Amino acid sequence: MTAQIIDGKAIAQKIKEKIKAEVATLGKKPGLAAIIAGDNPASKIYVGMKRKTCKEAGIYSEEHKLPEQATEKELIELIRKLNNEDKIDAILVQLPLPPQISTEKALNEVAIEKDVDGFSPANVGKLMAGNENMVPCTPKGIIRLLEETGTKIDGKSAVIVGRSNIVGKPTALMLLNRNATVTICHSKTSNLAEHTRKADILIAAAGKPKLITADMIKKGAIVIDVGINKADGEISGDVDYKQAKEKAAAITPVPGGVGPMTIAMLLENTLKLHKERKQK
Ligand code: GUN
């Protein structure tokens, strides 16, 4: 069997066009403020791609750069200023932050009505309680890919490899909300393959190139690869794609799978926050 290739790029493009058409009907542009603290090269690339896609969809965006040595106070002051700026509907604090800044404290400062990533404690709590009003972009994109490919989630065994606050944990909650039986594996899981081989839906979000080999995949599984790893000058996911696609029923490529969906969901969340603020 050769797997269906889940074309995240094409699905994201359709979502972007729909958002662009809706934005064109609005009197005022939705506005996103992205904050980068420090010199993380991947963060710079991600924020650059997010802003480019905003522009293409007619969404206003601005970037705020803070140096690697920035203090927690400086970041908090910036977030508070953006919380009060009318043209800004959505605030994105790109992670990771430099080590001297508490991620928890910083994310707690983002006003809930501008929390485009769904990372503030209030939105994390809502998701935990089954309220998906504002959920993180990558998990939302993963669920959308599963829906777009007609994957039934209810009653399925879903295994997530990775327990980050950005991907693993919120994806697990979203799958649980849809009645999957969910297992979260991580770097300390003994006998990872024993778990992954039971997955009808396998989500690889560990950040380790080619961690998931074909022998770890159940025949006919749906495989979503969240990894974006730079190894030996090439980009590869967490899944050994070439072999895995002979075993899975459907699989996302890297690049062109989850990555573009994360950005499409950011646009969707920004538009949603804009519309909700206008109604107030
Ligand atoms: N770092 C890695 N992924 C993300 C994301 O989706 N949002 C933010 N803010 N930071 C990230």
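Here, the structure is the one placed above.
To start, this report covers the structure provided alongside it. In this text the structure is predicted, and so the values were computed from the model without any measurement. (Residues numbered from 1 in each chain as written. Predicted model: local features only at pLDDT ≥ 70, side-chain atom pairs only at ≥ 80, totals over all residues. Heavy atoms only, no water.)

## Remarks on the packing of helix α1 (residues 8-24) against helix α10 (residues 258-278)
Piece 1. For the pair α1 and α10, interaxial distance at closest approach is 8 Å and the crossing angle is 20°. By the angle class used here, α1 and α10 are roughly parallel. As for the relative orientation of α1 and α10, their crossing is left-handed in sense. Contact with α1, carried on its side by Gly8, Lys9, Ile11, Ala12, Ile15, Lys16, Ile19, Glu22 and Val23, involves Pro260, Met261, Ala264, Met265, Leu267, Glu268, Leu271 and Lys275 of α10 and no other residues of that element.
Piece 2. Its residues placed into classes, the contact of α1 with α10 shows 11 nonpolar, one polar and five charged. (Axes fitted to C-alpha atoms, helices over the stretch in contact; angles between N-to-C directions. Helix = DSSP H or I, 4+ residues; strand = E, 2+ residues; numbered from the N terminus. Parallel < 35°, antiparallel > 145°, perpendicular 65-115°, else oblique. Left-handed = near helix turned anticlockwise from the far one by under 90°. Contact = heavy atoms within 4.5 Å. Nonpolar A, V, L, I, M, F, W, Y, C, P; charged D, E, K, R; others polar.)

## Thoughts on the site of the ligand
Piece 1. Close to the ligand lie Lys50, Leu92, Val93, Gln94, Leu95, Asp117, Phe119 and Ile166, which account for all nearby residues.
Piece 2. At 2.8 Å, a backbone N or O of Val93 approaches a nitrogen atom of the ligand.
Piece 3. With respect to the ligand, the side chain of Gln94 contributes an N or O atom lying 3.2 Å from a nitrogen atom.
Piece 4. Protein chains shield 85% of the accessible area of the ligand, which is 280 Å² for the free molecule.
Piece 5. Of the residues in the shell around the ligand, the class split is five nonpolar, one polar and two charged. (Near = heavy atom within 4 Å. Polar contact = N/O pair within 3.5 Å; in protein donor to acceptor, adjacent residues only side chain to side chain. Areas by Shrake-Rupley, 256 points an atom, 1.4 Å probe, with all protein chains shown as cover.)

## Examining the environment of Tyr60
Piece 1. If you trace the backbone, Tyr60 turns up in strand β3 (residues 60-66).
Piece 2. The class for Tyr60 is partly exposed, based on a relative accessible area of 30%.
Piece 3. For the pair Tyr60 and Ala33, spaced 27 residues apart in sequence, the C-alpha to C-alpha distance is 8.6 Å.
Piece 4. Each residue touching Tyr60, except ones within four places of it in the same chain, is listed here: Lys29, Pro30, Gly31, Leu32, Lys87 and Ile88.
Piece 5. Looking at Tyr60, its side chain comes within polar contact range of the side chain of Glu62, at 2.4 Å. (Buried < 20%, exposed > 50% of the residue type's maximum accessible area, 1.4 Å probe, protein only.)

## A closer look at the layout of surface pockets
Piece 1. Taken as a whole, the second largest pocket encloses approximately 350 Å³ of empty space.
Piece 2. Lining the second largest pocket are 16 residues; nearest its centre among them are Leu107, Phe119, Val124, Asn165 and Ile166.
Piece 3. When contributions to the lining of the second largest pocket are tallied by element, the ones reaching two or more residues are α4 (103-109), α5 (121-128) and α7 (168-177).
Piece 4. The leading source of residues in the lining of the second largest pocket is α4, at four residues. (1 Å grid on protein atoms, 1.4 Å probe; cavity = no way out; pocket = protein on both sides within 12 Å on 5 of 7 lines; lining within 4 Å. Points joined across faces, edges and corners; volume = space filled by probe spheres on them.)

## Notes on empty space enclosed by the protein
Piece 1. Summed over the entire model, instances satisfying the criterion amount to one cavity of 30 Å³ or more.
Piece 2. Empty space within the largest cavity amounts to approximately 30 Å³.
Piece 3. For the lining of the largest cavity, the leading source of residues is strand β4 (residues 90-93), giving three residues.
Piece 4. Of the residues that constitute the lining of the largest cavity, the class distribution is six nonpolar, no polar and two charged.

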